[in-house]
Amino acid sequence: MQAAEMNAIRAAEGLLALSQQEELVDLPNCPLSASEDEGDSDGERKHQKLLESIGSLNGKNRWKLAERSEASLKVSEFNVSSEGSGEKLVLSDLLEPVKSSSSLAAVKKQLSRVKSKKAVELPLNKEEVERIHREIAFNKTSQTLSKWDPIVLKNRQAEQLVFPLEKKQSDFVPIEHVFSSWKPRTPLEQEVFNLLHKNKQPVTDPLLTPMEKASLKAMSLEEAKMRRAELQRARALQSYYEARARREKKIKSKKYHKIVKKGKAKKALKEFEQLRKVNPIAAMEELEKIEKARMMERMSLKHQNSGKWAKSKAIMAKYDLEARQAMQEQLAKNKELTQKLQVVSENEEDKGAEEEELLVPDVVNEVQMCADGPNPWMLRNCNSDAKGEIQEEPEQPPKPMVQEFSESEDDERTGTEEEILLQEFEERRSLRKRSELNQDAEPVGSQETKDSSSQEVLTELKALTQKLNKKKHQSRKQKMSSAGTVLQIQREECAPEEEEPLLLQRPERAQTLEDLEDLGHEEFSQNKEFPRPVLKGEQTERNPNNQIDAPKGKKKEEMIDLQNLLTTKSPSVKSLAIPTAIEELEDEEEKHQKQIIKEAFAGDDVIKDFLKEKKEAVEASKPKDVDLTLPGWGEWGGIGLKPSAKKRRRFLIKAPKGPPRKDKNLPNVIINEKRNIHAAAHQVRVLPYPFTHHKQFERTIQIPIGSTWNTQRAFQKLTTPRVVTKPGHIIKPIKAEDVGYSSSSKLDLSVTQSNPKRPTGHRKKQLKKNTVD
Amino acid sequence: METVPRPGRGPQSKKNKPQAKRKKPRRYWEEETAPTAAGASPGPPRKRKNLELGRHRQKNSHSSKKSWLSKKSQFPRKSQEQKQPGGEKKPGPQRSLSGFQDPFPGPAPVPEEVARKFCRIDRSKELPHSLPKTRSKLEVAERVEEEISAKAARSELLLAEEPGFLEGEDGEDTATIRQADIVEAVDIASAAKHFDLNLRQFGPYRLNYSRTGRHLAFGGRRGHVAALDWVTKKLMCEINVMEAVRDIRFLHSEALLAVAQNRWLRIYDNQGIELHCIRRCDRVTRLEFLPFHFLLATASETGFLTYLDVSVGKIVAALNARAGRLNVMAQNPYNAVIHLGHSNGTVSLWSPSVQEPLVKILCHRGGLQAVAVDSTGTYMATSGLDHQLKIFDLRGTFRPLSARTLPQGAGHLAFSQRGLLAAGMGDVVNIWVGRGKASLPPLEQPYLTHRLAGPVHSLQFCPFEDVLGVGHSGGITSMLVPGAAEPNFDGLESNPYRSRKQRQEWEVKALLEKVPAELICLNPRALAEVDVISLEQRKKERTERLGFDPEAKVPFQPKPKRKGRGSTASLVKRKKKVLDQEHRDKVRQSLEQQQQQQQQQAKPAGVRLSALDRFVR
């Protein structure tokens, strides 16, 4: 169609061009003829022309057609001119004779017929035709070829290709046919056969017994209908429910959702109660779920009044009753969620609540330990925590926490719920404030403690620190009193008491070995680095000390670290059999001996040497800057003259910073960063084709292939060759029939010819259909 | 093709059970009560269930959410989605001729925990976005891994022996149980494994078990060298080398024996005939043999660590440790790295391909006395002159995991195959046990203790036997340590009962599979990584050669719009818009990076700058 249109347009264009040409031809003719006719009146005409040209200067009628002013009755035999008459010449005018004659009717008819016919289109030019041919040919071939795409893809992705390709035996012989030819021959077989016959077991058709066959036939039309109806109903119900769920999901009302949630929770609780009575094991599982939810809640800050909204409300809470209530609600919710669900049988419930609280966390911890299993860090942690604390300082349980705990418990018992909530809120606020204060004061304290590497400085500093500490306490107390409730003050008082030893202990520690001995116990428990910090457990939120500890732990210095590593007093082994050489030594002597050992090693400063070595290694591994300064270039040179700093800066090429060292945070380790060239020679250097990133490729070569790491089967599978050829067989090119295509591509061809501009997607679909058929 | 049964598709056998009849259509929102699934078949139970069986089964394999096997652990979700293109069909209940059905159709379930042990692909690492072609390759790799791990997990079944430990009655300390008690309690064959060789004449003994655990070689300080099949107590050879013997070690098989004598290193065969005298290794104090690389590592008094390739007789590397006399050495069986202990309290890790130590760890305040590395290469136990026994983590952090002060420093340490740690202190041997395989032994209560006739001079656990060999000044003691060794051996790798022919066969195979010495590095899995540095280098060279980066992103070229809107101005405008966007992104990123850097810098600066610094002049 388009081609036809194009042709029509083309024809029209041709005509237009022709007519224009005619006009162009006409134009020069007119003045010429005029000049021939009136040669004498030249001056007049020139004048006229001049006037015209002047008039046309304004640009409006520049191309005004020259027109004839007088009628010409002269009819040239070459030219049909209609000018002057004012009307067009029509074909019929020519045909009409002066007097009508019937003999011309046939001619007239013919002419009219010719007139009614459209003009024959111009044939397309050669290039156009060729282009169209090419397009069609391309479409055709690409279609025929794209048929092979899935096969090619399949073969490319196949794990193994066996050539010559064989047709798959898709149809298996039904087992009945196999059996039909089989006859029992031996007496045993016959006997078995007879037995089977007796029991009406299927022999020829092993799939269905007669009973089953009967039952198959038994299904009537009605039954089938009923069944269908049921199915329909079920489907409809499901769709209704889905629609409803979707609708409900869209509801934006918060209140509604809140109510729904509450309802659900209640229901769940009820169910749980029932379950507990009926099926205690399932109930336990359910309980675990609840416990998990509780854990999640405790981990998250969701209802802790720490969010943006809560903070904004906290500001308003002073004045706005509603805001206060909202906050309380939140806290209550948190409390509710974090409250332990007590599932104890009735007789056990009488026992103290404290016991329970003590018991349960232990159990939880143990479970976690087991779950962690082989993770040495966790194991170590547990050991150090449990045993270290218990063994080393049984007489010093973490008192402040206990106090707090009991306090809060008392509160809970005495006060009504709202009061508690209010109090808690207050506490939190005060805590927040205090933490800010602590952070202000913190860096000073911590740095004092950490600077213990140089002992002389420390002794000087000691007095200062004490002063500062005092000041700090005073100032803090003042601030607190302004802020606070009685409870706060109580807490506050206990906090600094704890802090003091912590702060003072560090500077003293490394001074002498005796001190070190004395502090041994405390160190072990309070060590930052090794053994790992003692987990404070559940009171982390409440314990004010914790906030002090955390930043300290982060900022550690190498020296201290290393010292700790080596000087920590590890618990000694009590073994039954003590080596004979030492057996007779008593405890005091033992201590004395230890002392001797320590003193003996105090002299050779292993740590210092090691640190020095490490420093050298770090320096050596750093990329070096290149100095391109030429002395004496552009300025005075000579002995004793150095190029100016500016110049040096200008010509210094700074080496790019390398990646951070692996042992950056490991004070006791020097890791060689040099590249092992010999090993690198065995590594892969070029990424194979489909991979764009080395990580992708690495993932595919993670699995070891050798038989040492795999079972025999797996090894065989991993090492199967991708292409197997049978020797002596001719590998023929693949045929359509081999793959299951019928070789009827004519239909496709016709389709493409009729409308070659069909979108490719369509074609593909059709193709697929074909292949499926 | 078989994989670990995942919750996605399990065998659907419940179908045939009577209680699996459905009363009510199961909705997708309801919890599935029975794995019958297939919510599309409500209504009263039908008689003709068999007809539907095939169809349902097919459906089930896609839709059922639960499998009746292990519910507790699941494979990563990702692996669940990819399905075998070959169309893995679960063999449904096969009908036998009699009409009865297999109640447990299909292959037996694979224990997932075990299967996970064999998974090597680290799925936690994020991959950059990959093209579909690449993705298909990755999927294939993951699928193969799954299959293979399932197969390996299945073959775990063949490991018939189970390890066990000595367990005291309630409250009883196992350390109080004496060797005599154990010997009395066990069967005769095991009791025969406990023995004492009373050899007071030739001084403290070093001993070594062969890799199969069948043969024992020992050498006394005063020149007595002997090798015997210690299970049958058949003596292979006994000689006196008339020279001080520092250390003794079997090479790859029991037929060759390396002895570090006072002057040179000599190699004997199992007849006691001297085969080689290696003069390049002089004044050797300690020997270690790396079985997969066929390397004999020697540490000498002169401070050199020398690697001798025993398969070709060449010295691969001689490394100067620059730390004086070397007399503490151990090998890491996981990566064949040699650990040397030094007198300045450090332990250095060596590979023959690198001239400097790979890692240097400061372990003790005093000099090192003994080092031992466990069989998984995870833990290193060290003891120093400061009477401490420490266990270090070797997986990158090199931090001490536990430490104990011993009444007397442990002079010798040894790890068993299952992670028991033995320490010889004076004339006492203490053994600690971890929980489970390859777990860290908590150094609290010793598992066993034993007192010997003289001070301990050498310790080694016998492979594949619950025996600890102790060489001391009074001879050799073979202790029974229940649960020390791996109960299952690989018959093709190290077979204690192999014949001579089998040994020869194995020798050839082992030589063919010899690992080149330069492959020894700290993390052997790093060899399976792409050498990124040279990859980048190549890319750079290529771009230089071509003059442009063929893999670079082509700059955005807007397509001309039709219908007269594709003016050049608009094209340029669009182009500029995209460019600007990219530029903005770049700037934003760099700004973020800068901020991060500033934050990082600010932190340490804050540490150093304290309020008290103003007082320091």
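Source: prediction; values computed, not measured. Per chain, residue numbering runs from 1 following the sequence as it is written. Labels are handed out in written order, letters beginning with A for the chains and numbers beginning with 1 for the ligands. Local features in this predicted model are restricted to residues whose pLDDT is 70 or higher, and side-chain atom pairs enter the listing and the counts only when it is 80 or higher, whereas totals over whole chains, interfaces and linings include all residues. Derived side-chain values reflect all non-hydrogen atoms in the structure, with water molecules and hydrogen atoms excluded from consideration.

Description of the overall build of chain B
Put simply, the test is: Runs of E in the DSSP output that reach at least two residues are strands. Runs of H or I that reach at least four are helices, and both are numbered from the N terminus. Accessibility here uses a 1.4 Å probe with only protein chains present; expressed as a share of the type maximum, an area under 20% marks a residue as buried, one over 50% as exposed, and anything in between as partly exposed. For this analysis, residues touch if any pair of their heavy atoms sits within 4.5 Å. Per-residue and other accessible areas were derived by the Shrake-Rupley procedure at a 1.4 Å probe size, with only the shown protein chains allowed to occlude residues.
Counting secondary structure elements, chain B contains nine helices and 28 strands. Looking at chain B as a whole, 49% of its 617 residues qualify as buried. Long-range contacts, defined as pairs at least 24 residues apart, comprise 49% of the intrachain contacts of chain B with a sequence gap of at least 6. Entry remark: accessible area of chain B is about 31,500 Å², with carbon and sulfur atoms responsible for 52%.

Some remarks on the overall build of chain A
When its secondary structure is counted, chain A shows 33 helices and five strands. Residues counted as buried form 23% of the 773 residues belonging to chain A. For chain A, contacts bridging at least 24 residues in sequence account for 67% of all contacts bridging at least 6.

Quick notes on the pattern of salt bridges
All names here are of chain B. Stated formally: Salt bridge criterion: a side-chain nitrogen from Lys or Arg within 4 Å of a carboxyl oxygen from Asp or Glu.
Evaluated as defined, the whole model comprises 35 salt bridges over all chains. For the salt bridge of Arg178 with Asp181, the shortest nitrogen-to-oxygen distance reads 3.8 Å. Asp181 gets classed as partly exposed once you look at its relative accessible area, which sits at 31%. Taking the shortest distance from any N to any O, the salt bridge between Glu493 and Arg211 comes out at 3.3 Å. Of this pair, Glu493 sits in the loop between strand S28 (475–480) and helix H7 (500–512) while Arg211 sits in the loop between strand S2 (205–209) and strand S3 (215–220), placing them 282 residues apart in sequence.

So, the sheet that holds strand S22 (residues 412–415) of chain B
Residues and elements named next belong to chain B. We apply this condition: Paired strands, as defined in this entry, are two strands with at least two bridges between them according to DSSP. Simply put, an axis is a line fit to the C-alpha atoms, just over the touching stretch for a helix, and the angle between two N-to-C directions goes from 0 to 180 degrees.
Across the sheet, which stays open at both edges, the four strands sit in the order S22-S23-S24-S25 with antiparallel pairing between neighbours. Both outer strands of the open sheet, S22 and strand S25 (448–451), are each paired with one neighbouring strand and no more. The mean inter-strand angle of the sheet, taken between neighbouring strand axes irrespective of direction, is 15°.

Section: helix H4 (residues 105–116) of chain A
The line we're drawing: Each residue after the first adds 1.5 Å to the expected span of a helix.
For H4 of chain A, which comprises twelve residues, the first-to-last C-alpha distance of 16 Å matches the rise-based estimate of 16 Å (1.5 Å per residue) to within 8%. A small share of H4 of chain A lies buried, amounting to zero of its twelve residues.

Focus on the confidence of the model for chain B
All names here are of chain B. Note the threshold: pLDDT: the predictor's confidence for each residue, scored from 0 to 100.
Of all residues in chain B, 82% have pLDDT values of 70 or greater, and the mean over the chain is 83. Averaged over each element, pLDDT in chain B is lowest for helix H1 (residues 49–63) (37) and highest for strand S15 (residues 338–341) (97). For residues 1–22, every residue scores under 50 in pLDDT, and the model assigns this stretch 72 contacts once sequence neighbours within four places are set aside. Throughout residues 31–93 the model reports pLDDT below 50, and contacts reaching past four residues in sequence, or to other chains, amount to 116 contacts.

Remarks on the packing of aromatic side chains
Note the following rule: Stacked, tilted and edge-to-face are the three classes applied to pairs of Phe, Tyr and Trp rings, where Trp contributes its six-membered ring and a pair requires centres within 6.5 Å; stacked means planes under 30 degrees apart, edge-to-face means over 60, and tilted covers the rest. Whether a charge lies above a ring is judged from NZ of Lys or CZ of Arg, which has to be within 6 Å of the ring centre and within 35 degrees of the ring normal.
All chains considered together, the criterion is met by eight aromatic pairs over all chains. Aromatic side chains Phe691 of chain A and Phe697 of chain A sit 5.4 Å apart centroid to centroid with 55° between the ring planes, which places their arrangement in the tilted category. Considered together, Phe691 of chain A and Phe697 of chain A belong to a single accessibility category, that of buried residues. With 5.9 Å between their ring centres and 70° between their planes, Tyr209 of chain B and Trp230 of chain B make a pair best called edge-to-face. Of this pair, Tyr209 of chain B sits in strand S2 while Trp230 of chain B is found in the loop between strand S4 (224–229) and strand S5 (234–240), placing the two residues 21 residues apart along the sequence. Here the two residues Tyr209 of chain B and Trp230 of chain B agree in accessibility, since each one is buried. Cation over ring: Arg211 of chain B sits above Phe292 of chain B, and NZ or CZ is 5.1 Å from the ring centre. The cationic tip of Arg498 of chain B hangs over the ring face of Trp506 of chain B; the distance from NZ or CZ to the ring centre is 4.7 Å.

Here's the deal with the sheet that holds strand S11 (residues 295–300) of chain B
Residue and element names in this part refer to chain B. Sheet architecture is open: four strands sit in the order S10-S11-S12-S13, paired in antiparallel fashion. For this open sheet the edge positions go to strand S10 (284–290) and strand S13 (314–320), each flanked by a neighbour on one side alone. Averaged over all adjacent pairs, the angle separating strand axes in this sheet is 20°, with direction ignored. Sheet topology places S10 next to S11; six bridges connect them, and they run antiparallel. Each bridged residue has a counterpart across the sheet, and for Val284 the counterpart in S11 is Ser300.

A look at the side chain of Arg498 of chain B
Note that Arg498 of chain B resides in the loop between S28 and H7. If we ignore the near neighbours within four places in the chain, the residues touching Arg498 of chain B are Thr212, Glu254, Glu493, Arg503 and Trp506 of chain B.

Brief notes about the confidence of the model for chain A
Residue and element names in this part refer to chain A. Confidence along chain A averages 67 in pLDDT terms, with 48% of residues attaining 70 or more. The spread of mean pLDDT over the elements of chain A runs between helix H20 (residues 486–509), the lowest at 39, and helix H5 (residues 126–146), the highest at 95. Scored below 50 in pLDDT, residues 14–38 shows three contacts in the model against residues more than four places distant or in partner chains. Predicted confidence for residues 744–773 stays below pLDDT 50, and this span has 21 contacts to residues more than four positions away or in other chains.

Observations concerning the environment of Ser155 of chain B
Of note, Ser155 of chain B is situated in helix H4 (residues 132–155). Put simply, Ser155 of chain B and Val110 of chain B are 45 residues apart on the chain and 10.0 Å apart in space, counted from C-alpha to C-alpha.

As for unusual backbone geometry
Along the chain, Phe163 of chain A connects to Pro164 of chain A via a cis peptide bond; the corresponding omega equals -5°. Assignment of secondary structure puts Pro164 of chain A in the loop between strand S1 (161–163) and helix H7 (175–180). Here the phi dihedral of Met242 of chain B falls at roughly 55°; this positive angle occurs in a residue that is not glycine. Tracing the backbone shows Met242 of chain B in the loop between S5 and strand S6 (245–250). Met242 of chain B gets classed as exposed once you look at its relative accessible area, which sits at 71%.

Quick look at the packing of helix H13 (residues 308–316) of chain A against helix H14 (residues 321–338) of chain A
All names here are of chain A. To be explicit about the condition: The cut-offs work like this: below 35 degrees is roughly parallel, past 145 is roughly antiparallel, 65 to 115 is roughly perpendicular, and the gaps in between are oblique. A crossing counts as left-handed when the near helix is turned anticlockwise from the far one by less than a right angle, and as right-handed when that turn is clockwise. Only Asp, Glu, Lys and Arg are considered charged in this grouping, and only Ala, Val, Leu, Ile, Met, Phe, Trp, Tyr, Cys and Pro are considered nonpolar; every other residue, Gly among them, is considered polar.
H14 packs onto H13 with a crossing angle of 135° between their chain directions and a minimal axis gap of 8 Å. Judged by the angle between their axes, H13 and H14 are oblique. Judged by the twist between their axes, the crossing of H13 over H14 is left-handed. Contact residues: Trp309, Ala310, Lys313, Ala314 and Met316 in H13; Ala323, Ala326, Met327 and Gln330 in H14. Looking at side-chain class alone, the contact of H13 with H14 contains seven nonpolar, one polar and one charged residues.

With respect to the nonpolar core
For soluble globular proteins, the rule of thumb is that nonpolar side chains tend to be buried together. Our working rule: Nonpolar cores are built from buried Ala, Val, Leu, Ile, Met, Phe, Trp, Tyr and Cys residues. Side-chain atoms within 4.5 Å join them into one set.
Counting 37 residues, the largest nonpolar core has Leu305, Tyr307, Leu340, Ile361 and Met380 of chain B as the members making the most contacts within it. Residues within four places of Met380 of chain B in sequence aside, it is in contact with His339, Val347, Ile361, Cys363, Val371, Ala372, Val373, Lys390, Ile391, Phe392 and Leu394 of chain B.

Quick notes on the packing of helix H12 (residues 280–299) of chain A against H14 of chain A
All names here are of chain A. It is at 8 Å that the axes of H12 and H14 come closest, and there the two elements cross at 140°. Compared by their axis directions, H12 and H14 come out oblique. Contacts between H12 and H14 involve Arg294, Glu297 and Arg298 on the former and, on the latter, Asn334, Leu337 and Thr338. A breakdown of the residues in the contact of H12 with H14 according to their chemical character gives one nonpolar, two polar and three charged.

Here we look at a positive patch on the surface
For the record, the criterion: Note on patches: the residues involved have over 30% relative accessible area and no salt bridge, like charges join within 9 Å, and the nonpolar side chains Val, Leu, Ile, Met, Phe, Trp and Tyr join within 5 Å. Positive charges come from Lys and Arg alone, negative charges from Asp and Glu alone, with His and the N- and C-terminal ends not counted. Taken as the charge centre is NZ of Lys, CZ of Arg, CG of Asp or CD of Glu, depending on the residue.
Judged by side-chain charge, Lys254, Lys255, Lys258, Lys261, Lys262, Lys266, Lys270, Lys302 and Lys333 of chain A come together as a positively charged surface patch. For the positive patch, the element with the most residues is helix H11 (residues 254–278) of chain A, which contributes seven residues.

Digging into a nonpolar patch on the surface
A surface patch of nonpolar side chains, amounting to about 330 Å² of accessible area, comprises Val626, Leu628, Phe651 and Ile653 of chain A. Turning to its location among the elements, Ile653 of chain A is positioned in strand S3 (residues 652–653).

Focus on the pairing of S5 of chain B
On a regular strand, each side chain points to the face opposite its neighbour's, so the side chains alternate between the two faces of the sheet. Residues and elements named next belong to chain B. Taken together, the six bridges between S4 and S5 define a ladder with antiparallel strand orientation. Paired with Ala226 across the bridge in S5 is Glu238. Two successive antiparallel strands, S4 and S5, enclose a turn made up of four residues, where Lys233 displays a positive phi of approximately 60°.

Things to note about the environment of Asn327 of chain B
All names here are of chain B. By secondary structure assignment, the location of Asn327 is in the loop between S13 and strand S14 (328–331). With a relative accessible area of 34%, Asn327 lands in the partly exposed category. Through-space distance from the C-alpha of Asn327 to that of Glu301 is 7.3 Å; in sequence the pair is 26 residues apart. Once residues within four sequence positions are removed from consideration, Asn327 is found in contact with Thr285 and Arg286.

Quick look at the environment of Glu297 of chain A
All names here are of chain A. With respect to the helices and strands, Glu297 occurs in helix H12. Considering only alpha carbons, one finds Glu297 and Lys335, 38 residues apart in sequence, at a separation of 9.5 Å. Those residues within four positions of Glu297 in sequence are excluded, and the remaining contacts are His303, Asn334, Leu337 and Thr338.

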